[in-house]
There are 2 protein chains.
Amino acid sequence: MLEAVLAELGEHGYDGLTMEAVAARAGVHRATVYRRWNDVGGLLADVLDAAGDDDWGPPDTGSLEGDLAALNQEIQTAMAAEPPIMAALIAASFRSEKAARAQQRLWEDRYTRCEIVVARAAHRGELPPRTDARRLLIAATAPLYHHLVLLRTPPDPALPGHAARTAALAAAAGAFAEPPSANTTPG
Amino acid sequence: MLEAVLAELGEHGYDGLTMEAVAARAGVHRATVYRRWNDVGGLLADVLDAAGDDDWGPPDTGSLEGDLAALNQEIQTAMAAEPPIMAALIAASFRSEKAARAQQRLWEDRYTRCEIVVARAAHRGELPPRTDARRLLIAATAPLYHHLVLLRTPPDPALPGHAARTAALAAAAGAFAEPPSANTTPG
């Protein structure tokens, strides 16, 4: 069923995604689909939750910059894939509250799994003490999402490495090692 | 007319934005609206193009980090404004190709205007030679958009400053001063 959702989404986008089409593709009665998922947002939320139910882990290349570059390459490859499932799911999150919350859960889970990248770098002595893993990971990956999702620039083969190098240099310079009180200071 | 579009969008979002409602609010005949704008995407594109037709310039605080922090603060304030016009326009860019292209033009224009921030910093001797202004500006602002638009985290008063400091530290460390050939090296 969830594969039918992905196939419909990839082919027709959110506007062409209907309960009827999903039911027909999956070969089940549409009443069954309505009973279980209620609406397209419910279907998408289940697809997103299922996407997070895997054993994915971030790359382990032996260096912080290498791990971040490999992670960014995965993001860029996924965003540029055909059919554009990941891009369509992100777009759908602007149409459905349920899909938006599921997309949030998926990203939260992915960033949590990526924290091992920062822990490994700290263990190797690559980072200043008290480096904030989440802020580092957001800084490393945000330029990818900004370009590919919002600015809609074509994929740039140099971007994954550039964004990784930028975050690694900032981390080494202490950008993510603020004293804990800094987070609660307004402005 | 464009104010009527913004008012409708702010109140009802994209789903409640209709040519009829815009015509009624602006007090013109709906045939006039259809003739001139064709569809909601056309209205939104005109709104976005009009938004860029101003004399906005980036803050001038006397330092790179200060300018970037003030710029990020403007972005966060605009994204958190009520009614959520900027957020609604970005969301609409996932519904209409015309709106998406207009949003792209607006961002391109804004980033181009912001390049003066980097030029001033270079003139003050704050930056290594050949610093790429656009990459620096994207790195400084991308975490704001990533949090507020995609991750949908609540506004964090520390984020504008943190993201600015991260980009300034990375810039000082040479993250945006690659030799020109680096841009054409794959991977």
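Coordinates for the structure precede this section.
Below or above, wherever it landed, is the structure these notes cover. Everything numeric here is computed off the predicted structure, so don't read it as measured data.

## A closer look at the relation of the copies chain B and chain A
- Here chain B sits on chain A after a turn of 180 degrees about the axis and a move of 0.0 Å along it, with an RMSD of 0.0 Å. Expressed as a symmetry operation, the mapping of one chain copy onto the other fits a two-fold axis. Within chain B, the C-alpha atom positioned nearest to the axis of rotation is that of Ala170(B), 2.3 Å from it.
- When the interface residues of chain B are mapped onto chain A, 100% of them again lie at the interface, so the same face is used by both copies.

## Side note on helix 8 (residues 133-151) of chain A
All names here are of chain A.
- Helix length check: helix 8 (19 residues) gives 26 Å between terminal C-alpha atoms against 27 Å at 1.5 Å per residue, within 8%.
- Taking the largest bend as the criterion, helix 8 deviates by roughly 40 degrees, centred on Thr141, and proline Pro143 comes between one and four positions later.
- Across the 19 residues of helix 8, 18 count as buried, placing the element largely inside the fold.
- Just past helix 8, the residue Arg152 takes up positive phi, approximately 55 degrees.

## A word on unusual backbone geometry
- With an omega of -5 degrees, the peptide bond running from Glu82(A) to Pro83(A) counts as cis.
- Structurally, Pro83(A) is set in the loop between helix 5 (64-80) and helix 6 (85-92).
- Unlike most non-glycine residues, Arg152(A) shows phi in positive territory, near 55 degrees.
- The residue Arg152(A) is located in the loop between helix 8 and helix 9 (159-172) in this model.
- In this model, Arg130(B) sits at a positive phi of 60 degrees, which is unusual for a non-glycine residue.
- Mapping Arg130(B) onto the fold places it in the loop between helix 7 (97-123) and helix 8 (133-151).
- Residue Arg130(B) is classed as exposed on the basis of its relative accessible area, which comes to 58%.

## Side note on the environment of Val40(B)
All names here are of chain B.
- Assignment of secondary structure puts Val40 in helix 4 (residues 40-51).
- Between the alpha carbons of Val40 and Ala88 there is a distance of 13 Å; along the sequence they are 48 residues apart.
- With residues near it in sequence (within four places) discarded, Val40 still touches Tyr14, Leu17, Thr18 and Met19.

## Remarks on the packing of helix 5 of chain A against helix 8 of chain A
Residues and elements named next belong to chain A.
- Where helix 5 meets helix 8, the axes come as close as 10 Å, and the angle between the chain directions of the two elements is 25 degrees. By the criterion of interaxial angle, the relationship of helix 5 to helix 8 is roughly parallel. By crossing handedness, the relation of helix 5 to helix 8 is classed as right-handed. Here Leu64, Leu68, Leu71, Asn72, Ile75, Gln76 and Met79 of helix 5 lie close against helix 8, whose contacting residues are Leu136, Leu137, Ala140, Thr141, Leu144, Tyr145, Leu148 and Val149.
- When grouped by side-chain class, the residues that make up the contact of helix 5 with helix 8 number twelve nonpolar, three polar and no charged.

## Some remarks on the pattern of salt bridges
All names here are of chain B.
- Taken as a whole and assessed by the stated rule, the structure comprises 34 salt bridges over all chains.
- A salt bridge links Arg25 to Glu11, with the nearest nitrogen and oxygen atoms 2.8 Å apart. Taken together, the positions of Arg25 in helix 2 (residues 19-26) and Glu11 in helix 1 (residues 2-12) put the pair 14 residues apart, joining distant regions of the chain.
- Residue Arg25 is classed as partly exposed on the basis of its relative accessible area, which comes to 38%.

## Side note on the interface of chain B and chain A
- With 39 residues of chain B at the interface, the matching set in chain A holds 39 residues.
- Broken down residue by residue, the surface that chain B buries against chain A is led by Phe94(B), Arg152(B) and His162(B), which jointly contribute 19%.
- On the surface where chain B and chain A come into contact, there are zero salt bridges.
- Between the two partners, chain B and chain A, sit eight residue pairs in polar contact (both at pLDDT 80 or more).
- The dominant element in the side of chain B that touches chain A, judged by the number of residues it contributes, is helix 8 of chain B, at twelve residues.
- Partitioning the side of chain B that touches chain A into residue classes produces 23 nonpolar, eleven polar and five charged.

## Describing the side chain of Asp67(B)
- If you trace the backbone, Asp67(B) turns up in helix 5 (residues 64-80).
- Other than its neighbours up to four places away in sequence, Asp67(B) contacts Pro59(B), Asp60(B), Thr61(B), Gly62(B), Val117(B), Arg120(B) and Arg124(B).

## Side note on the packing of helix 1 (residues 2-12) of chain A against helix 4 (residues 40-51) of chain A
All names here are of chain A.
- Contact pair helix 1 / helix 4: the axes reach a minimum separation of 10 Å and the direction vectors enclose 105 degrees. Accordingly, the angle class assigned to the pair helix 1 and helix 4 is roughly perpendicular. The residues of helix 4 that touch helix 1, namely those facing Leu2, Val5, Leu6 and Leu9, are Leu43, Leu44, Asp46, Val47 and Ala50.

Definitions and cut-offs
- Residues numbered from 1 in each chain as written.
- Chains lettered and ligands numbered in written order.
- Predicted model: local features only at pLDDT ≥ 70, side-chain atom pairs only at ≥ 80, totals over all residues.
- Heavy atoms only, no water.
- Least-squares fit on C-alpha atoms with pLDDT ≥ 70 in both.
- Contact = heavy atoms within 4.5 Å.
- Helix = DSSP H or I, 4+ residues; strand = E, 2+ residues; numbered from the N terminus.
- Expected span 1.5 Å × (residues − 1).
- Bend = angle between axes of the 7 residues up to and from the residue.
- Buried < 20%, exposed > 50% of the residue type's maximum accessible area, 1.4 Å probe, protein only.
- Axes fitted to C-alpha atoms, helices over the stretch in contact; angles between N-to-C directions.
- Parallel < 35°, antiparallel > 145°, perpendicular 65-115°, else oblique.
- Left-handed = near helix turned anticlockwise from the far one by under 90°.
- Nonpolar A, V, L, I, M, F, W, Y, C, P; charged D, E, K, R; others polar.
- Salt bridge = Lys/Arg side-chain N within 4 Å of Asp/Glu carboxyl O.
- Buried area = accessible area lost by both parts, 1.4 Å probe.
- Polar contact = N/O pair within 3.5 Å; in protein donor to acceptor, adjacent residues only side chain to side chain.

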